[in-house]
Amino acid sequence: MAELDYAALFAAAPSPYLIINPDLVIVEVNEAYLAATGRTRDDLLGKQIFTAFPDNPADAHADGVRNLNASLQRVLSLGKQDTMALQKYDIPVAHPPGAFEERWWSPINTPVLGPDGAVEWIIHRVEDVTPFLKAIASGGWPLTGRSIDREVLVTELYARARELQHVNEELRLAHTRERQVATTLQEAMLQSPDLARHDNVALRYLPATGSLTVCGDWFDMVDLPDGRFGVAVGDVVGHGLEAAAVMGMLRSALSATIRALERPAQALDVLNLYARSIEGAQNTTVVWAMVDPRSSLIVYSNAGHPPPVLVHPDGTCQMLDEAADPPLGSRPHHAPHPQAALSYRPGDTLVLYTDGLFERRGEDIDAGLTRLVDALSRHGTESPELLADDVLSDLGVAGGARDDIALLIVRL
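Residues numbered from 1 in each chain as written. Predicted model: local features only at pLDDT ≥ 70, side-chain atom pairs only at ≥ 80, totals over all residues. Heavy atoms only, no water.

Q: Teacher, can you tell me more about the sheet that holds strand 9 (residues 201-206) here?
A: In any sheet, the strands associate via hydrogen bonds between backbone groups, in a parallel or an antiparallel arrangement. On the basis of which strands lie adjacent, the open sheet formed by five strands has the order 9-19-18-14-15 and antiparallel pairing. Among the strands making up the open sheet, the edge pair consists of strand 9 and strand 15 (317-319). Going across the sheet, the axis of each strand differs from the next one's by a mean of 15°, ignoring polarity. Bridge count for strand 14 (residues 309-311) against strand 18 (residues 349-353) is three bridges, and the pairing is antiparallel. The residue bridging Val311 from the neighbouring strand is Thr349, located in strand 18. Lying over the sheet, helix 11 (residues 365-379) contacts strand 14, strand 15 and strand 18, oriented at roughly 145° with respect to strand 15. Each of strand 9, strand 18 and strand 19 (405-411) is contacted by helix 12 (residues 384-394), which is oriented at about 30° to strand 9, the strand it contacts most. (Pairing = 2+ DSSP bridges. Helix = DSSP H or I, 4+ residues; strand = E, 2+ residues; numbered from the N terminus. Axes fitted to C-alpha atoms, helices over the stretch in contact; angles between N-to-C directions. Contact = heavy atoms within 4.5 Å.)

See the structure below:
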């Protein structure tokens, strides 16, 4: 089969299209868009979209620039498609100079994401519905049923479109407020005095991109007697304030349990019983590892979480995958958690993380884990801080991913 000529397909697309960059500069345009706006390529390419199409200064209610800019900014910040309500957005005409022509549009703005998840381009598609609305207003479009004042119909349609735009804005503001509250709550609950006492630890928490809510990922570090310490990473199912609140309860419970029951399996046994009593805590995954510098041992237990990785200075990696058990609260009856131990050497690096770091939609989980191990092997000799940054970059999630990411790296 011959390769598709995507440039030719774009040029021939029947709907009007623009491609703009993150600075909102027009970088490509198809023939249908030129025909709809009466422009040439030279008129548009390299122009900022609102320079090419400003608001009509004679229209006191003109809000095309404001509405379109808000939509484009949502696409840039969330990385998701944004469909706009019907817009009255007049465009300049050549004659007479300074004049505008009344136009009605139905726009959709779609992001094109780069390897790092950031928006590289925005596809701006519009349907020009001006002829349809003018035909209704002039009586040129057949309407059946009861007699309708066509001018009133057009006015009503525009009013409803503006009302829908207003409702959508209110909903977005409400979701944004919830996200801000949930993120603040989550950041406050991720603080730990013991974490601050270690200079060989790197931490990263990246909220999900393209989402109006946060998830329930967490990490923790607990100092224990005789120089031992524990590290934990967990992931609550769900999003938003509820998931953040459940995360806080489970994290606090595990932190307290670790101090009373230092064996990881025992701590997860108690946490499992606690999770069964909390709505929304079932199927939470968590891994908890105790590091004992006296014996150079890592003792760990895992409830359904991706396995930690021990990275050696020579680039080889070991998965801590011998104490795997189902997620919290997923069994109908309580059963003791397994526990395993692994020796380490000074200079090794312990890496705990959540699945947002490596999982990709439509991809086998083992492929993602292999990609993570390869990245850790390449950068294993770097400091924890550099290692964290480079792994995020190599996996294409330095700017965030579709799911939250919690990453904890300890140089042993």
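Q: Which parts of the structure should I look at to understand the packing of helix 11 against helix 12?
A: Packed helix pairs are specified by the crossing angle of their axes together with the interaxial distance, meaning the distance between the axes. Closest axis-to-axis distance for the helix 11/helix 12 pair is 9 Å, and the angle between their directions is 140°. Classed by the angle they form, the pair helix 11 and helix 12 counts as oblique. The crossing of helix 11 and helix 12 is right-handed. Taken together, the residues of helix 12 that come into contact with helix 11 (itself represented by Leu372, Ala375, Leu376, Arg378 and His379) are Leu387, Asp390, Val391 and Asp394. Residues that form the contact of helix 11 with helix 12 fall into these classes: five nonpolar, one polar and three charged. (Parallel < 35°, antiparallel > 145°, perpendicular 65-115°, else oblique. Left-handed = near helix turned anticlockwise from the far one by under 90°. Nonpolar A, V, L, I, M, F, W, Y, C, P; charged D, E, K, R; others polar.)

Q: Where do I start with the packing of aromatic side chains in this structure?
A: What characterises a pair of aromatic rings is the spacing of the ring centres plus the angle enclosed by the ring planes. Inspection of the entire model under this criterion finds three aromatic pairs. Centre to centre, the rings of Tyr33 and Phe53 are 6.1 Å apart; their planes meet at 75°, and the pair counts as edge-to-face. Of this pair, Tyr33 sits in helix 2 (residues 31-37) while Phe53 sits in the loop between helix 4 (49-52) and helix 5 (64-78); the two residues are 20 residues apart in sequence, bridging distant segments of the chain. Residues Tyr33 and Phe53 agree in their burial class; the two are buried. For the ring pair Tyr353 and Phe358, a centre distance of 5.8 Å and an interplane angle of 85° mean the geometry is edge-to-face. (Phe/Tyr/Trp six-rings, centres within 6.5 Å; stacked < 30°, edge-to-face > 60°. Buried < 20%, exposed > 50% of the residue type's maximum accessible area, 1.4 Å probe, protein only.)

Q: Got a minute to help me understand helix 12 in this structure?
A: Turn by turn, an α-helix covers 3.6 residues, leaving residues three or four places apart pointing in a common direction. Every buried residue of helix 12 is accounted for by Pro384, Leu387, Ala388, Val391 and Leu392. Summarising the axial view, the buried residues of helix 12 lie within an arc of 125°, below the 170-degree limit, and thus occupy one face. Those residues of helix 12 that are buried lie in contact with strand 9, strand 18, helix 11 and strand 19. Looking one or two residues past helix 12, Gly396 carries a phi angle of roughly 75°, positive in sign. (Arc of directions from axis to C-beta.)

Q: Is there a simple way to think about the pairing of strand 18 in this case?
A: Counting buried residues in strand 18 gives five out of five residues, a clear majority hidden from the surface. Judged by which residues are buried, strand 18 turns out to be covered on both faces: Thr349, Val351 and Tyr353 on one side and Leu350 and Leu352 on the other are all buried. Bridge count between strand 18 and strand 19: five bridges; the pairing is antiparallel. Within strand 19, the position partnered with Leu352 by the bridge is Leu408.

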